[in-house]
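One letter stands for each residue in the lines below.
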Amino acid sequence: MQKKNDVTPDAAHPARRDEPASAQRRSTLGLLGAGALATLTPWLPARAAGGSMDKWPDKPINYVVPFPPGGLTDVAARQAAKALGTAENWNVVVENKPGGSANIGAAYVARAQPDGYTWLAMTLSHAANATLFKGKAGYDLLKDLVPVACMASSSMMVVVNPKSSIKTMDDLLQAAKTRSLSAASSGNGTPPHLTLALYQRLTGTKLLHVPYKGGAPSLTDLIGGQVDVIFSNYPESLAYVKSGTLRALAVSSKTRSPELPNVPTVEEAGLPGLVVANFTGVMAPAGTPQPLVDRIGKAIVKQIRQPEMTKSLVTLGFGAQPMEAAEFGPYLKGEVERWARIIHDANIQVG
């Protein structure tokens, strides 16, 4: 027989017979609180992310250049960092992490927190490395990093010794078909080597590739007559051409260089497929919030479009090539695919 002070459990909210009423109330409130929290949970991270993004950046930004100090990519990155510091009040600190064919610095950024505080100064070399070092680079360019902005590009320049009988691109083609020519580069898989491979593919010629450890020693030997031709990085050979130490046959840009208005483009020389842009841009770790990627990209592009910055890039041998993330992403993917085909066709090996 049931006693007067017994409590019958509620079918919807079962409770122990000996549980005090106050404990039951706490249990019920706890259930309600948990339900409310579950309802709000999807909203909380977005709110937190929005809040932290409003405060960004509240510490220095690490702009990683995977090349030694003083190189063209390094100088361009430092100019962009300075401009962003002045215009946006961002503390952008350039850090050089060279080595591993520019893969060490890229892998470092790929492993960084996706919070907008770590950037990579990337170039055409990274687009090629996606194939050259596939599975060995320590990162996947298109999966582990996201495009933020393209800044600028420089062309390649076909140069010979001024004493050479080769005076035009047609002369080069005829010489390559009739005798053995040597073509130097700054190393296996570098933009000069890739451009040489593309030239051979387009013309059906075969030149003896002579890889050097950098552009400077290869140009020294071209001046000395040890090699016949170089598909050189434009900024590296510009001063030699202007001084008459080297002869330029063509530039790989779509338009003529304002510094060398008498040098034809490859398209004018009958090789439109040889247009090559050695571009430099900014990437961030995959997972970086898209609104933050867009914000950074817009700020970079805005500075690249400033007349002072454009003029400064030209003095370095670059042409401004500003692209925000939405445009740079497809462009980069296209470059990776383009050079993958060329590398496979030429059977270019590294390491």
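Up top is the structure.
In this report, we go over the structure that sits alongside the text.

1. Focus: the sheet that holds strand β9 (residues 247-251)
Taken together, the 5 strands give an open sheet; going across it, the order is β7-β6-β8-β5-β9, and neighbouring strands pair in mixed fashion. Strands at the two margins of the open sheet, each flanked by one partner only, are β7 (208-211) and β9. The mean angle between the axes of side-by-side strands here comes to 30°, regardless of whether they run parallel or antiparallel. Sheet topology note: the strand β5 (residues 156-160)/strand β8 (residues 229-233) ladder contains 4 bridges and is antiparallel. Looking across to β8, one finds that V159 is bridged to I230. Strands in contact with helix α7 (residues 169-178) are β5, β8 and β9; relative to β9, the strand with the most contacts, it is inclined by about 100°.

2. Things to note about the pairing of β9
Counting buried residues along β9, 5 of its 5 residues qualify, which places the element largely inside the surrounding structure. Two elements, β5 and β9, share 4 bridges in a ladder whose sense is antiparallel. The residue of β9 that forms the bridge with V160 is R247.

3. Some details on the nonpolar core
Core analysis: the biggest nonpolar cluster contains 54 residues, and M169, L172, Y199 and L332 have the highest contact counts within it. Counting residues per element, this core draws most heavily on helix α13 (residues 325-346), which supplies 6 residues. Setting aside anything within four residues of it in sequence, one finds Y199 in contact with M169, L172, L173, T205, L207, F231, L271 and L274. Of all hydrophobic cores here, the second largest spans 35 residues; its members include A77, I296, A299 and F318.

4. Remarks on unusual backbone geometry
With an omega of -10°, the peptide bond running from W56 to P57 counts as cis. Structurally, P57 is set in the loop between α2 (43-55) and β1 (61-65).

5. As for the packing of helix α8 (residues 191-203) against α13
Remark: α8 packs on α13, axes separated minimally by 10 Å, with the N-to-C direction vectors making an angle of 70°. Here α13 runs roughly perpendicular to α8, going by the angle between their axes. Residue-level inspection shows L194, T195, A197, L198 and R201 of α8 in contact with α13, the latter providing R338, W339, R341, I342, I343, D345 and A346. Per-class residue counts for the contact of α8 with α13 are 7 nonpolar, 1 polar and 4 charged.

So, how was this worked out
- Residues numbered from 1 in each chain as written.
- Predicted model: local features only at pLDDT ≥ 70, side-chain atom pairs only at ≥ 80, totals over all residues.
- Heavy atoms only, no water.
- Pairing = 2+ DSSP bridges.
- Helix = DSSP H or I, 4+ residues; strand = E, 2+ residues; numbered from the N terminus.
- Axes fitted to C-alpha atoms, helices over the stretch in contact; angles between N-to-C directions.
- Contact = heavy atoms within 4.5 Å.
- Buried < 20%, exposed > 50% of the residue type's maximum accessible area, 1.4 Å probe, protein only.
- Core = buried A, V, L, I, M, F, W, Y, C linked by side-chain atoms within 4.5 Å.
- Parallel < 35°, antiparallel > 145°, perpendicular 65-115°, else oblique.
- Nonpolar A, V, L, I, M, F, W, Y, C, P; charged D, E, K, R; others polar.

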